[in-house]
Amino acid sequence: MKVVNLKQAILQAWKERWSDYQWAINMKKFFPKGATWDILNLAEALLEQAMIGPSPNPLILSYLKYAISSQMVSYSSVLTAISKFDDFSRDLCVQALLDIMDMFCDRLSCHGKAEECIGLCRALLSALHWLLRCTAASAEQLRVGLEAGTPAAAEKQLAMCLQRLEKTLSSTKNRALLHIAKLEEASSWTAIEHCLLKLGDILAGLSSPQLRSQAEQCGTLIRSIPTMLSVHSEQLHKTGFPTVHAVVLLEGTMNLTGETQPLVEQLMMVKRMQHIPTPLFVLEIWKACFVGLIESPEGTGELKWTAFTFLKIPQVLVKLKKYSHGDKDFTEDVNSAFEFLLKLTPLLDKADQRCNCDCTSFLLQECSKQGLLSEASMNNLMAKRKADREHAPQLKSDENANIQPNPGLILRAEPTVTNILKTMDADHSKSPEGLLGVLGHMLSGKSLDLLLAAAAATGKLKSFARKFINLNEFTTHGSEESTKAASVRALLFDISFLMLCHVAQTYGSEVILSESSTGTEVFFFETWMQTCMPEEGKILNPDHPCFRPDSTKVESLVALLNNSSEMKLVQMKWHEACLSISAAILEILNAWENGVLAFESIQKITDNIKGKVCSLAVCAVAWLVAHVRMLGLDEREKSLQMIRQLAGPLYSENTLQFYNERVVIMSSILEHMCADVLQQTATQIKFPSTGMDTMPYWNLLPPKRPIKEVLTDIFAKVLERGWVDSRSIHIFDTLLHMGGVYWFCNNLIKELLKETRKEHTLRAVELLYSIFCLDMQQVTLVLLGHILPGLLTDSSKWHSLMDPPGTALAKLAVWCALSSYSSHKGQASSRQKKRHREDIEDYISLFPLDDMQPSKLMRLLSSNEEDANILSSPTDRSMSSSLSASQLHTVNMRDPLNRVLANLFLLISSILGSRTAGPHTQFVQWFMEECVDCLEQGSRGSILQFMPFTTVSELVKVSAMSSPKVVLAITDLSLPLGRQVAAKAIAAL
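Only a predicted model underlies this, so the values are computations on that prediction, with no experimental measurement involved.

Any pair of aromatic rings gets described here by the distance separating the centres and the angle formed by the planes. This model, assessed by the stated rule, comprises 19 aromatic pairs. Ring geometry for F310 and F362: centres 6.4 Å apart, planes at 85°, overall edge-to-face. Placement of F310 in helix α15 (residues 300-323) and of F362 in helix α18 (residues 359-369) is noted, with a sequence separation of 52 residues between them. For F310, a relative accessible area of 0% puts it in the buried group. In textbook terms, an aromatic cluster arises when at least three aromatic residues are bridged by ring pairs, as seen for F493, F497, F524, F525, W528 and W574.

Relative to each other, helix α36 (residues 776-793) and helix α37 (residues 805-823) sit at 140°, their axes nearing to 9 Å. With respect to α37, the element α36 is oriented oblique. Judged by the twist between their axes, the crossing of α36 over α37 is left-handed. For the pair α36 and α37, contact is made by M776, Q777, T780, L783, L784, L788 and L791 and by L809, A813, C816, A817, S819, S820 and S823, respectively. Of the residues in the contact of α36 with α37, the class split is nine nonpolar, five polar and no charged.

What follows deals with the pattern of salt bridges. Applying the stated criterion across every chain yields a total of 27 salt bridges. Put simply, D358 and R389 hold a salt bridge, and the shortest N to O gap is 4.0 Å. One end of the pair, D358, is in the loop between α17 (345-355) and α18; the other, R389, is in helix α19 (residues 375-389), with 31 residues separating them in the sequence. When sorted by exposure, D358 lands in the same class as R389, which is buried. The shortest N-O distance in the salt bridge between R662 and D494 comes to 2.6 Å. On the criterion of sequence distance, the pair formed by R662 in helix α31 (residues 659-681) and D494 in helix α24 (residues 483-507) is long-range, its members being 168 residues apart. Owing to a relative accessible area of 1%, R662 belongs among the buried residues under this scheme. Connected through shared salt-bridge partners, D349, D352, D358, R385, D388 and R389 make up one network.

Two elements in contact, helix α30 (residues 637-647) and α31, have axes whose closest approach is 11 Å; the angle formed by their N-to-C orientations is 160°. Our classification of the angle between α30 and α31 gives roughly antiparallel. Crossing angle aside, the handedness with which α30 passes α31 is left-handed. Between α30 and α31, the contacting residues are L640, I643, L646 and A647 on the first element and M666, S667, L670, C674 and L678 on the second. Per-class residue counts for the contact of α30 with α31 are eight nonpolar, one polar and no charged.

Scoring rules and cut-offs
- Residues numbered from 1 in each chain as written.
- Predicted model: local features only at pLDDT ≥ 70, side-chain atom pairs only at ≥ 80, totals over all residues.
- Heavy atoms only, no water.
- Phe/Tyr/Trp six-rings, centres within 6.5 Å; stacked < 30°, edge-to-face > 60°.
- Helix = DSSP H or I, 4+ residues; strand = E, 2+ residues; numbered from the N terminus.
- Buried < 20%, exposed > 50% of the residue type's maximum accessible area, 1.4 Å probe, protein only.
- Axes fitted to C-alpha atoms, helices over the stretch in contact; angles between N-to-C directions.
- Parallel < 35°, antiparallel > 145°, perpendicular 65-115°, else oblique.
- Left-handed = near helix turned anticlockwise from the far one by under 90°.
- Contact = heavy atoms within 4.5 Å.
- Nonpolar A, V, L, I, M, F, W, Y, C, P; charged D, E, K, R; others polar.
- Salt bridge = Lys/Arg side-chain N within 4 Å of Asp/Glu carboxyl O.

Structure, rendered in structure tokens:
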């Protein structure tokens, strides 16, 4: 029996009425080897023959059903064949096709190559389109039937269509395959969306509510396919979020000058990772602001917090509003947050008492001004708070009546900053006296600190400092000038110098320094500050050339200080005097040490130094501080005595204008400068009571206690309390400076792994994440590059990764990785720049670039595996076991964080593929689950792009991870290879 082709074979079977299994046996005889049935298009050929007449051929259909059941044909070939039938008027044929779909539409699978799995996704998309067209045709027939009075048959067919649609779409696996197909074939998806709109219009006219609701349900499921990954449930069982609280406190305490965008992104990251509802998120921000206000140290600290709360945070919320999905929703959320806040009466009362005003009403007005609250909401909330305040008699005491509240002052200071900046832009040579008047006004009372806080909170402090640097430079040279002009010039030089020193000490020297651009001249103050000004963590060499200027200038300055009764002003080059004073002081000290000068002469000289311009005294003390550090205990006496002499004010009639105001700033500057040295030499110098704040967070560590004890102690207290306060933040920061990143991170992780109660470990993670924000980039490198690999590769430590501390550590690691990865393209914040950066070479040697030279980590792993190829499944041998999406996106692997992430995922891949299971395998599962939980829709550019593609097939073997959504979440679907890997893993589930 010679058969020429498939069609003839099918016809012969029909003529001879073979049974289905007989047909299958004979077919295998006719076509013994070579091409598979799919290549021969068996499913299509059978359907074509079965559907020739007005009703389907039952015998040939039985062959097709047998072929499907015995897996002679693949599901994708059957779906493709069905979707080619488009004569919907032949009811019986349509119903037969729907019956065939019913056999397998909710249990599709494919165990072939990746291309075949992608084929299944495409076939399912075609079949969905066919089902929608079929449903629309049936609905149209039903409408016509209703008009003719014969609706029964059409209604039955429509019900069948909707039932198959529902059955196909209710499977998450099918929806995941359709999600991949949508990305593969965008045009086909558009056709489906059009079909869905058309179907909606037709079904709207149906009388049967049951069919209508079934159709709506199917429509909802189809529309949910593109956004399958972005559905996250929000946390509704919690009301406190210590991470948000600590991030806001940290920013308000240590980084007022920082830009708002990084803070906004960090807060949004926390909100996403912890699934925090917006009203509670905004409430937590306000709570942190009020706590910060209440516990801020008096003086500058309090003003900084006031500026942060009333000027900066409303700006942050304006930017957060852009992330929310609708303006109206966000204003409602802000309103809800305030409603919750008003219930926290004790907190608000305490803040009102501290600030001596109704803080909430100031805030509400500011939010309303920024468009964060409607006027009606504002008035309603203000009325509620006013009624509440009636019950708090202590808020209305008479003694505070004449004290002006800081929030009001700060809000008024903000426009003043803008006006001063305009004044400073004018030509200084035209009206120096007018400018001096403005500056003198700034020095009185707490005006300067108010203005600086307002400028810092609104991002204007850098330009403020720049204007003062320009002014200072302008006053360094005096041409032909009268005595009056000379004294005005001296004052402008002095005030600008003191203000800049004060800004550098209060807000950090980064605010002063211009971004180094070649070709621009470097101004005197910048040079002096970089080379001569003592700062925390900066050690100066008193013999550095910058302290050794031209000897003739030094001699003339020494003669001037020693011989004249007071400093001359006319044509005085103040910048030269400031640079020469260090060498002059050395000469004078030597003369005093050797008995050439008596103490009375020293007094006269120091009076001369501080008598006219205070900046000379500041420059002299700056050098003395560096000098004292280098001396032995018994050699320090005279230098310290000289600092004492320079620190006190001069009581004389013959001083220049604003002398008392300038001395106040000078004393504060000197106190900051000397703090380190006085602590090290156990000396006390009484600085005049300045009226400005003393150093609030100075000297926090208890003496004679090991720093590890201090760290564990403070962490235990914070954990018990459940939130981090400003003082603890400063202690953690000091310990991080002292112990270094590895010591700090390692010891805190050890504390976390000791916790055994679930609620404690979760709280510890929230708090640790916020503590790590002190230097997130470096902590993440240490945590993912050193600490985790150490725990995962050492079997003696695996026991510490058990649940609950193991789950908590996995969560913490993912949060740190995501935060660092999303922000490391931006700049390090100013508080992080000061710290020693780990050398990039450390990471290059630890994790080499080329695959030929395995890293230290991978050598550790391969020592207990016979074959590195074990990682990849047999079908994927061709794919390099470490190929990941990041390589296809050509991510820069010289970046330490990228390198550490790539190696961590290689390690994870190796653990999943290894033959020994244990707590470390469980840890990897928790780590991946947390990654999936924190991911946003469209995860290109997330940390999972560093995961080797081969890991996906290993992961789905872990029961908890074998879900289609997980596979979609962990693969980069923007890449064709990513889609193939995902389709292969999902189709095999």
